[in-house]
Amino acid sequence: MKIVTIGGGSSYTPELIEGLILRKDKLPVKEIWLVDIEAGQEKLEIVGNMARRMIEAAGLPWQVRLTLDRKAALKDADFVTTQFRVGLLDARLKDECIPLAHGYLGQETNGAGGIMKALRTIPVILDIIKDMRQQCPNAWLVNFTNPAGMVTEAAIRYGQWEKTIGLCNVPFSHIEQATSLLNQPEDALFFKFAGLNHFHWHRVWDKQGTEHTAGLLEAIYGGQQLNEGLRNIHQIPFNIEQVRHLGLLPCGYHRYYYLEQQMLEHAVEDFAGYATRAEVVKATEQRLFELYKDPNLKQKPAELADRGGAHYSDAACDLIESIYNDSRKMMVVSTRNNGALSDLPYDSIAEVSSVITSHGAEPLNWGTFPPAARGMLQVMKAMEQTVIEAAVSGDYGAALHAFTINPLIRAGDNARQLLDQLLYAHKKYLPLF
Ligand code: NAD
Ligand code: G6P
Ligand code: MN
C-alpha cells in the first residue's frame, strides 16, 4: 500500500504515523510519501526524519519518502491524505485579526476567516485532483484540510473525485465526552451525528435502546460539565433552555452562532493580549518542531495534544483501514448526503454518521431537523456552496454573496469593506480574484 500525504510538513504527521503503526497488522503499508512545498521544506525534513525514527523503532520496513514533487509522489498511490495550509499560519493570523478589527469573529473555519481559507484552498485541491487523475486514478482522497466540509464538496462536485471523504476530529471529542460522562465504553453506545462540518448535532443511545441525549445535555450544559476536549474553542456554556428546546447535542463550534456575542467578546479580550489562536498555535508548533529535532525522540510527544486536532490519527487511519478491509466501521465523515438529511440538497456534502465500506461511506438516515435547527443548517449549506462557487470562478459577486449570507458577517458596506481588505491581504494566494 502506498500512502501519500500532501502537506507532509505539518506538525500532525507524527499523529498519522502513530495511527498507521498501531494498525500495522491490518494495513500492508509499503511506502509513505510526504509532500510539501518550498516554504515547508525545513519542516518536512524535520518531521519526515521524526516519522522515520518512529517507524524504525516499531521495527517496520516502511519507506518514508520526502519530496516537493507532488506529481512524482502521487504515482500509483492507494490513499492520498491532505493536511495542507495554503499561506501557512501567517494567512490564518490575517483570517483571525482582520474580521476582528471590523468587529466580527475571525476563525479558522467560521465567519469571514473560514470563507477566506476556503477561497485559498479550493483551487489547490482541484489542482491536486488533476494530478491524481493522471497519476493514481483509483486512489481514495482523505481530506483533512479545512474548511473540511467545503473542501470535500469542492473535490466531489467540481473535481468530480467521487472517492473523496472528509474528516474532522470533533465528533471523536464528543464521543469521548459522552463515554466518560456515561461511564460506558464507546462500543456500548450508539451515536448518530448529522449536519455539516463544524455545524452538526448528535444523539446517543445505549445497548438497551434507552436514549441518553437529554440526560447528557443536562449534565453538560445544565451541570456545566464542559469537558469537550476541544483545545481551540473557548468553552462557554450554551443557553440550557435553548438546548433543551432542540433536544439535540450541539457541537462545540455552534457556540460561534448561538453565542456569537460572548465568543466575540472573548476573542477581543485575547486579541488585546496578542494571543489569537494563530499565535498560540505558532508557539506550540515551534515547541513541537524543537522536540521533533531530537534524534532520541521516537514517539509522538504528549505536547501534540495542545493542538486542536487531537484524534486525527484515529479518524484518518480508521477510515483507511475500514475502506481497505471493508470493515464497515461506523464513522462520522463528510460525504454526499444522498438523502440521509432530508433538509439538505440530495447531492450536497453533509457530515453524517456513516458505515465505511470498501466502496465508500454509506450515510445513516437522519431524517428532518426541527425548524429551529433546519433554517440555520440550510443557510450554512447555501453559504458553503456560494463560497465554493466563488472559489472556482473568482466571481466577486459570489464572494460578496457568501459574506452576505454568512451569519457572522453584517451585510452591506461592512461586508464589502471586509471582503476587499481580506482579498487584498491574501492576494498572493487568490490568483482568480
Ligand atoms: P501547517 O500550517 O503546518 O501546514 C501544513 C503544511 O502544508 C505545511 O508544511 C505547509 O508548507 C504545507 N503546504 C502549504 N501549501 C501547500 C501546498 N500547496 N501543497 C502542499 N503542501 C502545502 O498546518 P497544520 O496546522 O498542520 O494544519 C494542516 C491542515 O489541517 C490545515 O488546513 C488545518 O486547518 C487542517 N486541520 C483540520 C482538522 C480537521 O478537523 N479536519 C483539524 C486540525 C487541522
Ligand atoms: C479542531 C478542529 C479543526 C480545527 C482545529 C484547530 O478541533 O476539528 O478542524 O481547525 O481543531 O486546531 P488548532 O490547534 O490549529 O487551533
Ligand atoms: Mn475539524
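Structure first, text after, so check above.
Description of the structure in this document. Keep in mind that what you see is a predicted model, and the values were worked out from it rather than measured. (Residues numbered from 1 in each chain as written. Chains lettered and ligands numbered in written order. Predicted model: local features only at pLDDT ≥ 70, side-chain atom pairs only at ≥ 80, totals over all residues. Heavy atoms only, no water.)

Some thoughts on the pattern of salt bridges
Evaluation of the coordinates by the stated rule reveals 25 salt bridges. Between Lys282 and Asp90 there is a salt bridge, with its nearest N and O atoms 2.4 Å apart. Remark: Asp90 occurs in helix H4 (residues 88-101) and Lys282 occurs in helix H12 (residues 277-292); sequence separation between them is 192 residues. Where Glu108 meets Arg92, a salt bridge forms, and the shortest distance between an N and an O atom there is 3.5 Å. Note that Glu108 is positioned in the loop between H4 and helix H5 (111-135) and Arg92 in helix H4, a separation of 16 residues in sequence. Considered together, Glu108 and Arg92 belong to a single accessibility category, that of buried residues. When salt bridges that share partners are traced, they join Glu153, Arg157, Asp347, Lys381 and Glu384 into one network. (Salt bridge = Lys/Arg side-chain N within 4 Å of Asp/Glu carboxyl O. Helix = DSSP H or I, 4+ residues; strand = E, 2+ residues; numbered from the N terminus. Buried < 20%, exposed > 50% of the residue type's maximum accessible area, 1.4 Å probe, protein only.)

Examining H5
Along its 25 residues, H5 runs 36 Å from first to last C-alpha, staying within 8% of the 36 Å computed at 1.5 Å per residue. For H5, the principal kink sits at Thr121 and spans about 30°; a proline, Pro123, occurs within the next four residues. Summarising burial for H5: 19 of the 25 residues are buried, a large majority. (Expected span 1.5 Å × (residues − 1). Bend = angle between axes of the 7 residues up to and from the residue.)

Considering the site of ligand 2
Close to ligand 2 lie 16 residues, the nearest being Glu108, Asn169, Arg277, Arg307 and Gly308. In the environment of ligand 2, an oxygen atom lies 2.4 Å from a nitrogen or oxygen atom belonging to the side chain of Glu108. One nitrogen or oxygen atom from the side chain of Asn169 is found 2.4 Å from an oxygen atom belonging to ligand 2. About the coverage of ligand 2: the protein hides 96% of its 390 Å² of free accessible area. Among the residues making up the shell around ligand 2, the classes are represented as 6 nonpolar, 6 polar and 4 charged. (Near = heavy atom within 4 Å. Polar contact = N/O pair within 3.5 Å; in protein donor to acceptor, adjacent residues only side chain to side chain. Areas by Shrake-Rupley, 256 points an atom, 1.4 Å probe, with all protein chains shown as cover. Nonpolar A, V, L, I, M, F, W, Y, C, P; charged D, E, K, R; others polar.)

As for the site of ligand 1
Taken together, 26 residues lie near ligand 1, and Ser10, Asp36, Glu108, Lys117 and Arg307 sit nearest. Ser10 places a polar side-chain atom, nitrogen or oxygen, 2.5 Å from an oxygen atom of ligand 1. Between a nitrogen atom of ligand 1 and a main-chain N or O atom of Phe144, the distance comes to 3.0 Å. If ligand 1 stood free it would expose 850 Å²; the protein chains cover 95% of that surface.

Some remarks on the side chain of His202
Along the polypeptide, His202 turns up in strand S8 (residues 199-206). Judged by its relative accessible area of 2%, His202 is buried. Among all residues touching His202, those that are not within four sequence positions of it are His174, Phe191, Lys192, Phe193, Thr213, Leu248, Leu249, Pro250 and Trp366. (Contact = heavy atoms within 4.5 Å.)

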